Amino acid sequence: MPGFAQTSDLDAWKKLQEHHVTLGREIILREAIKIDPSRFEKFSRTFNNTADKSEILFDFSKNFIEESTVDLLVQLAKEAQLEKLRDDMFAGEKINFTENRAVYHVALRNVTNEPMQVDGKSVVEDVNQVLEHMKDFSNQVRSAWQCDHPTEQSSETKTLQYWHWSLSRRW
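Residues numbered from 1 in each chain as written. Predicted model: local features only at pLDDT ≥ 70, side-chain atom pairs only at ≥ 80, totals over all residues. Heavy atoms only, no water.

Concerning the overall build of the protein chain
Applied cut-off: Numbered from the N terminus, helices here are DSSP runs of H or I no shorter than four residues, and strands are runs of E no shorter than two. For the exposure calls, accessible area comes from a 1.4 Å probe over protein chains only, and a residue counts as buried if that area is under 20% of its type's maximum, exposed if over 50%, partly exposed in between. For this analysis, residues touch if any pair of their heavy atoms sits within 4.5 Å. All accessible areas in this document rest on Shrake-Rupley with a 1.4 Å probe, and a residue is counted as covered only by the protein chains that are shown.
Of the regular secondary structure elements, the protein chain holds seven helices and four strands. Looking at the protein chain as a whole, 22% of its 171 residues qualify as buried. At a minimum sequence separation of 6, the contacts of the protein chain that also span at least 24 residues come to 36%. Summed over all atoms, the accessible surface of the protein chain reaches about 13600 Å², with 55% contributed by carbon and sulfur.

Below you can see the structure in the form of structure tokens.
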């Protein structure tokens, strides 16, 4: 595979699998929480979102992990060159090797309209145009959904309503 190896081929992955077999299946979460009152502090992180000044809490304390698991996960991230891939993604590099294109998912969340380029061309304007189109479409669906008379609704809206009804009955 060009650019990077399959995760399952990495030594760190194999160590993580061994760790799971030898230790991971033995963890009883209720006991781990009772034994270690600082488990939440050890296995949670809060990140500050600079775009909107919000905080994002990642709480892994209720997962089947211990400190050695985290060490192995960090080792896997390093061996997989995750930081380089992240940096390349943010730089608009073509890390999607199957389609030979950038994976600029972060451009969809660029609420501050920071400059973002792929092949020297700004993508901000195109992304904002698509996001505006999605917003318009969503508003149209919502407004059609709220019609007082079923005869005023399009067949597409009725289909969406049926799907919603059908899915809500399943779950």
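Moving on, there is more to tell.
A short note on the packing of aromatic side chains
What counts, and what does not: Working definition: rings of Phe, Tyr and Trp (its six-membered ring) pair if their centres are within 6.5 Å, and the pair is stacked with planes under 30 degrees apart, edge-to-face with planes over 60 apart, and tilted otherwise.
Tallied over the entire structure, the rule returns two aromatic pairs. A centroid spacing of 5.4 Å and a plane angle of 80° characterise the contact between Phe47 and Phe58, whose relative ring orientation is edge-to-face. Remark: Phe58 occurs in strand S2 (residues 54-59) and Phe47 occurs in strand S1 (residues 44-49); sequence separation between them is 11 residues. Judged by relative accessible area, Phe47 falls into the partly exposed class, the value being 45%. Note on Phe58: relative accessible area 38%, which makes it partly exposed. Their ring planes at 15° and their centres at 6.3 Å tell us that Phe58 and Phe60 sit as a pair that is stacked. Pairwise contacts between aromatic rings join Phe47, Phe58 and Phe60 into one cluster.

Some points on empty space enclosed by the protein
Heads up, the rule is: We place a 1 Å grid over just the protein atoms. Points where a 1.4 Å probe fits but has no way out form a cavity, open points with protein on both sides within 12 Å along at least 5 of 7 lines form a pocket, and any residue with an atom within 4 Å of a point lines it. Grid points are joined across faces, edges and corners, and a volume is the space filled by probe spheres set on the points. Throughout, the ten residues Ala, Val, Leu, Ile, Met, Phe, Trp, Tyr, Cys and Pro are labelled nonpolar, Asp, Glu, Lys and Arg are labelled charged, and all others, Gly among them, are labelled polar.
All told, the structure shown has one cavity of 30 Å³ or more when counted by the stated rule. In this structure, the largest cavity encloses a volume near 30 Å³. In terms of lining, the largest cavity is formed by Ala107, Asn110, Met116, Val123, Val124, Val127 and Asn128. Residue classes in the lining of the largest cavity are distributed as five nonpolar, two polar and no charged.

Quick notes on the nonpolar core
What tends to happen in soluble globular proteins is that the nonpolar side chains get buried as a cluster. Put simply, the test is: Take the buried residues of types Ala, Val, Leu, Ile, Met, Phe, Trp, Tyr and Cys, join any two whose side-chain atoms come within 4.5 Å, and each joined set is a nonpolar core.
Met89, Ala102, Val103, Tyr104, Val106, Ala107, Met116, Val118, Val123, Val124 and Val127 form the largest nonpolar core, which has 11 residues in total. Every residue in contact with Val124, bar those within four places of it in the chain, is listed here: Asn110, Asn113, Glu114, Pro115 and Met116. Ala12, Leu16, Leu72 and Leu76 belong to the second largest nonpolar core, which has five residues in total.

Here we look at the packing of helix H1 (residues 11-22) against helix H4 (residues 67-79)
Our working definition: Axis definition: a line fit to C-alpha positions, over the contact stretch in the case of helices; interaxial angles, taken between N-to-C directions, run 0 to 180 degrees. To sort the angles, those under 35 degrees are grouped as roughly parallel, those over 145 as roughly antiparallel, those from 65 to 115 as roughly perpendicular, and the leftovers as oblique. If you view the pair so one helix is near and one far, a crossing is left-handed when the near helix is turned anticlockwise from the far one by less than a right angle, and right-handed when it is turned clockwise.
Interaxial distance between H1 and H4 falls to 8 Å at its minimum, and their mutual angle equals 160°. In terms of orientation, H1 and H4 fall into the roughly antiparallel class. When the axes of H1 and H4 are compared, the crossing they make is left-handed. Between H1, through Asp11, Ala12, Trp13, Lys15, Leu16 and His19, and H4, the contact on the second element is made entirely by Ser68, Thr69, Leu72, Leu73, Gln75, Leu76 and Glu79. A per-class count over the contact of H1 with H4 returns six nonpolar, four polar and three charged.

With respect to H1
Defined as follows: A helix is expected to span 1.5 Å for every residue after the first. As used here, the arc is the angular range of directions from the helix axis to the C-beta atoms.
Taking 1.5 Å of rise per residue, 12 residues should cover 16 Å, and H1 covers 17 Å from first to last C-alpha, within 8% of that figure. If you check which residues of H1 are buried, you get Ala12, Leu16 and His19. Mapping the buried residues of H1 onto a view down its axis gives an arc of 55°, with all of them on the same face. Across from the buried face of H1, at angles greater than 90 degrees, the exposed residues are Asp11, Glu18 and Thr22.

Some details on the pairing of S2
How we decide: Pairs of strands are assigned from DSSP output, requiring at least two bridges between the strands.
Two strands pair when backbone bridges link them, and S1 and S2 are joined in this way by six bridges, in the antiparallel orientation. The residue of S2 that forms the bridge with Arg45 is Phe58. In this antiparallel pair of consecutive strands, S1 and S2, the connection spans four residues, and Lys53 shows a positive phi of 65°.

Distances and angles like these do not, on their own, reveal function.
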